[in-house]
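Chain residues, written in single-letter form:
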Amino acid sequence: MKRYDPERAPDPAAWLALDEHERIGLVAAHHRRTRVKLPNRRLHAAIHVVVENQCAERIAVVQATVERLLAEGLDRHEAIHAIASVVAEHLWKAMNERLRGPDPMEEYFRRLEALTASDWLQGTEPSETP
């Protein structure tokens, strides 16, 4: 794989064959080429990579969320960013709070299931589940 384009899902086998550093480099290079101004390009790229990894690993909830967000009108790059916002929040909670439930991924998956294109476009949080 020589280039990353967030509007097209990378071939899962080719993507997963790269090491993490290469994946981050490809995503960072894309944002550099498109002249997107970011406070921290490497961190932004790393979170992108988390979402792309989950897509390539065919994690059902993540795939369904991408498909739903596309159907709701987001382009693929926006859908990756919307999911990435949930990833970032989940990581922050994992580092700073106690996550609810026996499986810490359950809360993350619930948040993805609640995420809508409207939430993302309006900058609001997906509804919390008790």
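On a predicted model such as this, the values are computed, not experimentally measured, just so you know.

Comments concerning the environment of Leu 38
- The topology assignment puts Leu 38 in the loop between α2 (20-33) and α3 (41-56).
- Looking at Leu 38, the relative accessible area reads 23%, which means it is partly exposed.
- Through-space distance from the C-alpha of Leu 38 to that of Asp 5 is 17 Å; in sequence the pair is 33 residues apart.
- Ignoring sequence-local partners within four residues, the contact set of Leu 38 consists of His 31 and His 44.

Re the nonpolar core
- With 19 residues, the main nonpolar core has Val 51, Leu 69, Ile 83, Tyr 108 and Leu 112 as its most contacted residues.
- Of all the secondary structure elements, the ones that give two or more residues to this core are α3, α4 (60-71), α5 (76-96) and α6 (104-114).
- Per element, the largest residue contribution to this core is seven residues, and it comes from α5.
- If sequence neighbours within four positions are ignored, Tyr 108 has contacts with Gln 54, Val 62, Ile 83, Val 86, Val 87 and His 90.
- Judged by nonpolar contacts, the second largest core, of ten residues, contains Tyr 4, Leu 26, Val 27 and Ala 56.

Re empty space enclosed by the protein
- Using the criterion set out here, one finds one cavity of 30 Å³ or more in the structure.
- Of the voids in this model, the largest cavity is the one considered here, and its volume is about 40 Å³.
- Along the walls of the largest cavity sit Val 86, Glu 89, His 90, Lys 93, Glu 107 and Arg 111, which together make up its complete lining.
- Put simply, the parts of the chain that give the lining of the largest cavity at least two residues each are α5 and α6.
- A per-element tally of the lining of the largest cavity places α5 first, with four residues.
- Split by residue class, the lining of the largest cavity holds one nonpolar, one polar and four charged.

As for the pattern of salt bridges
- One pass over the full model with this rule turns up seven salt bridges.
- Through salt bridges that share partners, Glu 89, Lys 93, Glu 107 and Arg 111 make up one connected network.

A few points about the layout of surface pockets
- Its volume calculated, the largest pocket comes out at about 190 Å³.
- If you trace the largest pocket, you find it lined by Ala 9, Pro 10, Pro 12, Glu 52, Cys 55, Ala 56, Arg 58, Gln 63, Val 66, Glu 67 and Arg 76.
- Secondary structure elements with two or more residues in the lining of the largest pocket: α3 and α4.
- Split by residue class, the lining of the largest pocket holds six nonpolar, one polar and four charged.

Definitions and cut-offs
Residues numbered from 1 in each chain as written. Predicted model: local features only at pLDDT ≥ 70, side-chain atom pairs only at ≥ 80, totals over all residues. Heavy atoms only, no water. Helix = DSSP H or I, 4+ residues; strand = E, 2+ residues; numbered from the N terminus. Buried < 20%, exposed > 50% of the residue type's maximum accessible area, 1.4 Å probe, protein only. Contact = heavy atoms within 4.5 Å. Core = buried A, V, L, I, M, F, W, Y, C linked by side-chain atoms within 4.5 Å. 1 Å grid on protein atoms, 1.4 Å probe; cavity = no way out; pocket = protein on both sides within 12 Å on 5 of 7 lines; lining within 4 Å. Points joined across faces, edges and corners; volume = space filled by probe spheres on them. Nonpolar A, V, L, I, M, F, W, Y, C, P; charged D, E, K, R; others polar. Salt bridge = Lys/Arg side-chain N within 4 Å of Asp/Glu carboxyl O.

The analysis is restricted to geometry; functional conclusions fall outside its scope.
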